[in-house]
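Survey of secondary and tertiary structure
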2 protein chains.
Amino acid sequence: MNFRILAKILGALLVLESLAMAVCGIFTIIDPLRHSESSPQSLFYGALITAAVGGVMMVLGIGKIHKIPRREGVVIVGMGWILSGVFGGLPYVLGEPSMPPADALFESVSGFTTTGSTVMTDIESWPRGILMWRSVTQWLGGLGILVLFVALLSYLGVGSKSLFRNESSFQTGEVSTARIRDTALSLWKVYISITTLCILGLKFMGLTWYNAISHAFTAVSTGGFSPHNASVGHYSDWGNGWLIEFWLSLFMLACSVSFLIWVVIVKKRWKRLKSEEEGKWFSLVCLGSAFLIAFGLAHQNSEGYLEALRHAWFIVVSIASTTGFGTVDYEVWPSYALIILGILMFLGGCSGSTAGGLKLSRLIVFLKTARFEVVKAFRPNKVFPMQVNGNSLDPDARSQIVIFMALYSFIVMISALFMGMLEYSTGIDMETSLGAVLATLPNIGPGFGAVGPTDNFAHFMPATKIFLCLLMILGRLELYAVLVLFIPSLWRKY
Amino acid sequence: MNFRILAKILGALLVLESLAMAVCGIFTIIDPLRHSESSPQSLFYGALITAAVGGVMMVLGIGKIHKIPRREGVVIVGMGWILSGVFGGLPYVLGEPSMPPADALFESVSGFTTTGSTVMTDIESWPRGILMWRSVTQWLGGLGILVLFVALLSYLGVGSKSLFRNESSFQTGEVSTARIRDTALSLWKVYISITTLCILGLKFMGLTWYNAISHAFTAVSTGGFSPHNASVGHYSDWGNGWLIEFWLSLFMLACSVSFLIWVVIVKKRWKRLKSEEEGKWFSLVCLGSAFLIAFGLAHQNSEGYLEALRHAWFIVVSIASTTGFGTVDYEVWPSYALIILGILMFLGGCSGSTAGGLKLSRLIVFLKTARFEVVKAFRPNKVFPMQVNGNSLDPDARSQIVIFMALYSFIVMISALFMGMLEYSTGIDMETSLGAVLATLPNIGPGFGAVGPTDNFAHFMPATKIFLCLLMILGRLELYAVLVLFIPSLWRKY
Ligand SMILES: [K+]
Ligand SMILES: [K+]
């Protein structure tokens, strides 16, 4: 393990983070509606500490780096997200009101991983600058703070292939070494364009610039933080509330299918679109789930089917895209609807998007593979070719995907057990144990039980909060980049 | 598909089943305590109908069979269990009291698959002959009605390799074609010896012959039917109640590790025992879970640790072995204990035993495989050899096992959703939806929620009961032998 490389790159990452913090501090100074004098200070103090630590690390790692080896790349990805989370929590601790350290870590990690679970019991009592920082962490985390970083690194001439390979959202056949920088830049351009469009639409529908930016940042990153206690439900009573919800649902959808779709559309390479299966299936799953749930809701609440469909659609898209915005309390829905939501949480969005979860393409590969296995019972020697999204998958690649899926399920079960043991003394129920895991590992935000859409995570013990932070990062980096940090031989000198 | 072969062999299977039914009828006649005159009739009528249908099928399939091809073998296994279940339900329908057809099917399938879920609300009100038939179905289903059948077939000179391969419990490296008959016979000898030992012990502890036989039959088959409403809890107040529980737990344990262990011990091939990992791990898992749960129980109920351990041990072994006997109501235990039980249900016993579930060896293979995948993140070209139970597993075999595990988890989720939809109108909760699936698919018996250890399955709708029958058979045959029946090309003429 070459610690000089780690120090240099992780230091640079922290310096970048401190800049984002400082920008939020400046916003607080110029914000005409700021209602707390202390918030710019906490953001600037946070930025200062982060910059100082980052600077010292860069000095420790000084020297020219030609290439980041695979091992160091793996560690940088995992440690990068952990460090961003830790330092991103400073503004929550340093200001007034302030949080205990475990809460601040939770809120910060929940931001960067675009989970959107919160420990704030009264969100609206917090300074606007802090809430803006909260949204900014999600927007940065959305496409991966490291993509920006990779793009910068490649300008500096540092080989960053190993970083890119471990940054989960981009393990697609589309990205080749030579095109990493171009692709990263295209992705960011698309991301910024989509965000801008979302902001303008919300502003046009009557939101203030502050609220439009906050919700756009957390919708396109599928993060789900909202500056309102009632989340998007804040706008339910507005005359055009349904339009605001629909507009947001479009952007959540757009950002939970592969961003390469938008890059391809911008570049007018229409032919590539034909082979795209995942986004098509994802839209169908959302539509089907919404109709199925709306049917039960209309029956249960004896409300109009259209009204039921409005709520079902928003919640289904919000959950399936792993955003976690709320309008209604889905916990009072019939249990089959809750199970659908639970499965959608587990599944998550499409690969190559800002969404979390298992990713639909993995389910598609798994279902095809399982069918082959069944047929093998009477045709043991048949060879089964497979294509997903236009890419051929050999048996080795399929098996890797199925192993991932099994490991993901296994971690859900074991984590639910661990939650039950950690919170044993508080008399936690099974639903909350599982709900907290499904809220955090797939980066959803709200869960079930005592962490449902009308609750928050404040009531957990500090140890539980730290455990949930681990789950959020584990899910965001799709397991391996975190699990590998626990393998002793990774850290061996060589 | 050669339907002549199907008819002949499935017909013979039904004739054998009718014999077992007739034996229970004879028991009713000679039973001094019989309290219902109608029970021998229902058993004899059932036997008559089953024998008649079986006889007609055998006549339809008349002619010499030299070899059972793979396709036909697959169908015989799946259809054999379905038909046994259907005809095994006749005695419940034909007598007085009687059950509706869906209930009778459920009770019968629950017997043959050694699940042990019941629709009887007051077990003790049923005739002793019917309850004996209920225990006999589990004992026969325990080691697989088909193993007996295979042994008979091999005497008749019919190649039955393809049957054996699809009979889940024996897909081990140990069994070679040439030794199928010997192995099947050894297994049955061991099974009968263990059963006899269990009966004698229970008799010695004060049970009547009837109760000793009933409980021994359902303990060694890890079935879990009991003729008492309170299950094994019936003996809790006895002075030697703890001894009866402990004795039963030993037999449940012995029958949820691979039977090949006992064959090997009988044949004094000690060296083979060294490489046996699964049983060792299984015992450790049971011990660890029991201690962990006892800790919480002692704390919760402020009862002695020894008393807590007695209950925790019995329930853990009863669940982990997929037997499902009950002594205490585990649903009042702390939620982490329930999650442990849920995971044990899912996991089940060891391969090559009478137990159901995923099987521990699959988890072992999966965990080793997952660790290799993590290490591959920084050592992509390393080759990882793997041994389990002394057998080498190539990457292909490992991947098959992981696919099975993922498919099993997927079926659990989808079935819970389907349960929620089937029982939507009754307002079923999430816990019951999942609990009913975990009770039936891994052949446990009791579940969670409205199908917990103090409840039964009578309150479900007929369609739900039939769906649960499918899950029981699916789990018992380890998925493929049932799923394959839904592949249209299997049935093609060739
Ligand atoms: K989220
Ligand atoms: K059972």
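Here's a quick rundown of the structure. (Residues numbered from 1 in each chain as written. Chains lettered and ligands numbered in written order. Predicted model: local features only at pLDDT ≥ 70, side-chain atom pairs only at ≥ 80, totals over all residues. Heavy atoms only, no water.)

**Topic: the overall build of chain A**
Helix and strand counts for chain A come out as 21 helices and 2 strands. Expected size for 494 residues packed as a compact globule is a radius of gyration near 23 Å; at 22 Å, chain A falls within 12% of this value. By principal-axis analysis of the C-alpha atoms, chain A measures approximately 65 × 55 × 55 Å. By residue count, 63% of the 494 residues in chain A fall in the buried class. If you take every contact in chain A between residues at least 6 apart in sequence, the share linking residues at least 24 apart comes to 72%. For chain A, the accessible surface area stands at approximately 18,400 Å², while carbon and sulfur atoms represent 68% of it. Counting 35 positive and 29 negative side-chain charges, chain A places the averaged centre of each group 18 Å from the other. (Helix = DSSP H or I, 4+ residues; strand = E, 2+ residues; numbered from the N terminus. Rg over C-alpha atoms; globule rule 2.2 N^0.38 Å. Buried < 20%, exposed > 50% of the residue type's maximum accessible area, 1.4 Å probe, protein only. Contact = heavy atoms within 4.5 Å. Areas by Shrake-Rupley, 256 points an atom, 1.4 Å probe, with all protein chains shown as cover. Lys, Arg positive; Asp, Glu negative; His and termini not counted. Charge placed at Lys NZ, Arg CZ, Asp CG, Glu CD.)

**Let's talk about the pattern of salt bridges**
Residue and element names in this part refer to chain B. Per the stated rule, a full pass over the model turns up 16 salt bridges over all chains. Taking the shortest distance from any N to any O, the salt bridge between Asp 31 and Arg 128 comes out at 2.8 Å. One end of the pair, Asp 31, is in the loop between α1 (3-30) and α2 (39-60); the other, Arg 128, is in helix α6 (residues 128-142), with 97 residues separating them in the sequence. A residue is classified by how much of its surface remains accessible, and Asp 31, at 4% relative accessible area, is buried. For Glu 478, the salt bridge goes to Arg 362, with nearest N and O atoms at 2.9 Å. (Salt bridge = Lys/Arg side-chain N within 4 Å of Asp/Glu carboxyl O.)

**Let's talk about the coordination of the potassium ion (ligand 1)**
For a metal with four donors in a tetrahedral arrangement, the ideal angle between donors is 109.5 degrees, while six donors in an octahedron ideally sit at 90 or 180 degrees. All names here are of chain A. Protein ligation of the potassium ion (ligand 1) involves Thr 114 (O), Thr 115 (O), Thr 222 (O), Gly 223 (O), Thr 322 (O), Thr 323 (O), Asn 443 (O) and Ile 444 (O), the donor distances falling in the range 2.4 to 3.0 Å. Binding-site remark: the potassium ion (ligand 1) is held by donors from one chain whose sequence spacing is T-T-x106-T-G-x98-T-T-x119-N-I. One end of the pair, Thr 115, is in the loop between α5 (101-112) and α6 (128-142); the other, Thr 222, is in the loop between α10 (209-220) and α11 (241-254), and 107 residues separate them in sequence. What makes Thr 115 buried here is its relative accessible area of 0%. You can call Thr 222 buried: its relative accessible area is 0%. (Donors = N, O, S within 2.8 Å, 3.2 Å for Na, K, Ca; no water.)

**Some details on the coordination of the potassium ion (ligand 2)**
Bound to the potassium ion (ligand 2) are the protein donor atoms Thr 114 of chain B (O), Thr 115 of chain B (O), Thr 222 of chain B (O), Gly 223 of chain B (O), Thr 322 of chain B (O), Thr 323 of chain B (O), Asn 443 of chain B (O) and Ile 444 of chain B (O), situated 2.4 to 3.0 Å from the metal. All donor residues of the potassium ion (ligand 2) come from one chain, and their arrangement in sequence is T-T-x106-T-G-x98-T-T-x119-N-I.

**Observations regarding the packing of helix α14 (residues 278-301) of chain A against helix α17 (residues 360-376) of chain A**
Residue and element names in this part refer to chain A. Between α14 and α17, whose axes approach to 9 Å, the crossing angle comes to 100°. One finds that α14 runs roughly perpendicular with respect to α17. Touching Glu 278, Trp 281 and Phe 282 of α14 are Leu 360, Ser 361 and Ile 364, all from α17. Partitioned by chemical class, the residues of the contact of α14 with α17 number 4 nonpolar, 1 polar and 1 charged. (Axes fitted to C-alpha atoms, helices over the stretch in contact; angles between N-to-C directions. Parallel < 35°, antiparallel > 145°, perpendicular 65-115°, else oblique. Nonpolar A, V, L, I, M, F, W, Y, C, P; charged D, E, K, R; others polar.)

**Details of the relation of the copies chain B and chain A**
For the match of chain B to chain A, the screw axis carries a shift of 0.0 Å, the RMSD comes to 0.0 Å, and the turn is 180°. Those values place the two copies in the arrangement expected of a two-fold rotation axis. Measuring from the rotation axis to each C-alpha of chain B, the shortest distance belongs to Ala 406 of chain B, at 2.4 Å. The fraction of interface residues of chain B whose copies in chain A are also interface residues reaches 100%, indicating that both copies meet through the same surface. (Least-squares fit on C-alpha atoms with pLDDT ≥ 70 in both.)

**Concerning a nonpolar patch on the surface**
Residue and element names in this part refer to chain A. On the surface, a cluster of nonpolar side chains totalling about 630 Å² of accessible area is made up of Trp 281, Leu 284, Leu 287, Phe 291, Phe 295 and Tyr 305. Among the elements that take part in the nonpolar patch, α14 stands out by supplying 5 residues, more than any other. Take Trp 281: it is sitting in helix α14. Take Trp 281: its relative accessible area is 45%, and that puts it in the partly exposed class. (Patch = residues over 30% accessible without salt bridge, like charges linked within 9 Å, V, L, I, M, F, W, Y side chains within 5 Å.)

**Regarding the interface of chain B and chain A**
Residue-level contacts link 56 residues of chain B with 56 residues of chain A. Roughly 5,000 Å² is buried in total at the junction of chain B and chain A, and carbon and sulfur atoms are behind 80% of that figure. It is Phe 378, Tyr 424 and Met 430 of chain B in chain B that bury the most area against chain A; as a group they hold 15% of the surface buried on that side. Elements with a contribution of two residues or more to the side of chain B that touches chain A: α3 (70-88), α14 (278-301), α16 (335-347), α17 (360-376), α18 (395-422), α19 (430-440) and α21 (480-483) of chain B. Sort the elements by how many residues they give to the side of chain B that touches chain A and α18 of chain B lands first, with 15 residues. Of the residues contributing to the side of chain B that touches chain A, the split by class is 37 nonpolar, 11 polar and 8 charged. (Buried area = accessible area lost by both parts, 1.4 Å probe.)

**What to know about the environment of Ile 62 of chain A**
All names here are of chain A. With respect to the helices, strands and loops of the structure, Ile 62 is situated in the loop between α2 (39-60) and α3 (70-88). Residue Ile 62 is classed as exposed on the basis of its relative accessible area, which comes to 61%. Along the chain, Ile 62 and Arg 4 lie 58 residues apart, while their C-alpha atoms are 7.4 Å from each other.

**A short note on the side chain of Thr 195 of chain B**
Residue and element names in this part refer to chain B. Of note, Thr 195 is situated in helix α9 (residues 180-204). When its relative accessible area of 2% is taken as the criterion, Thr 195 is described as buried. In terms of polar contacts, Thr 195 uses its side chain to reach the backbone carbonyl oxygen of Tyr 191, at 2.6 Å. When sequence neighbours within four positions are dropped, the list of residues in contact with Thr 195 reads Trp 139, Ala 216, Phe 217 and Val 220. (Polar contact = N/O pair within 3.5 Å; in protein donor to acceptor, adjacent residues only side chain to side chain.)

**Details of the packing of aromatic side chains**
Counted under the stated rule, the structure contains 40 aromatic pairs over all chains. Here the aromatic rings of Tyr 330 of chain A and Phe 448 of chain A are separated by 6.0 Å at their centres, their planes lie at 75°, and the arrangement is edge-to-face. Taken as a pair, Tyr 330 of chain A in the loop between α15 (305-320) and α16 (335-347) and Phe 448 of chain A in the loop between α19 (430-440) and α20 (462-476) lie far apart in primary sequence, 118 residues in all. According to the relative accessible area criterion, Phe 448 of chain A is buried, its value standing at 3%. Ring centres 4.4 Å apart and planes at 15° place the aromatic pair Phe 372 of chain B and Phe 384 of chain B in the stacked group. Of this pair, Phe 372 of chain B sits in helix α17 while Phe 384 of chain B sits in the loop between α17 and β1 (387-388), and the two are 12 residues apart along the sequence. The residues Phe 372 of chain B and Phe 384 of chain B share a single accessibility class, namely buried. One aromatic cluster in this structure is built from Trp 139, Trp 188, Tyr 191, Phe 217 and Phe 259 of chain A. Between the NZ or CZ atom of Arg 134 of chain A and the centre of the ring of Phe 225 of chain A, over which it lies, the distance is 3.8 Å. (Phe/Tyr/Trp six-rings, centres within 6.5 Å; stacked < 30°, edge-to-face > 60°. Lys NZ or Arg CZ within 6 Å of the ring centre and 35° of its normal.)

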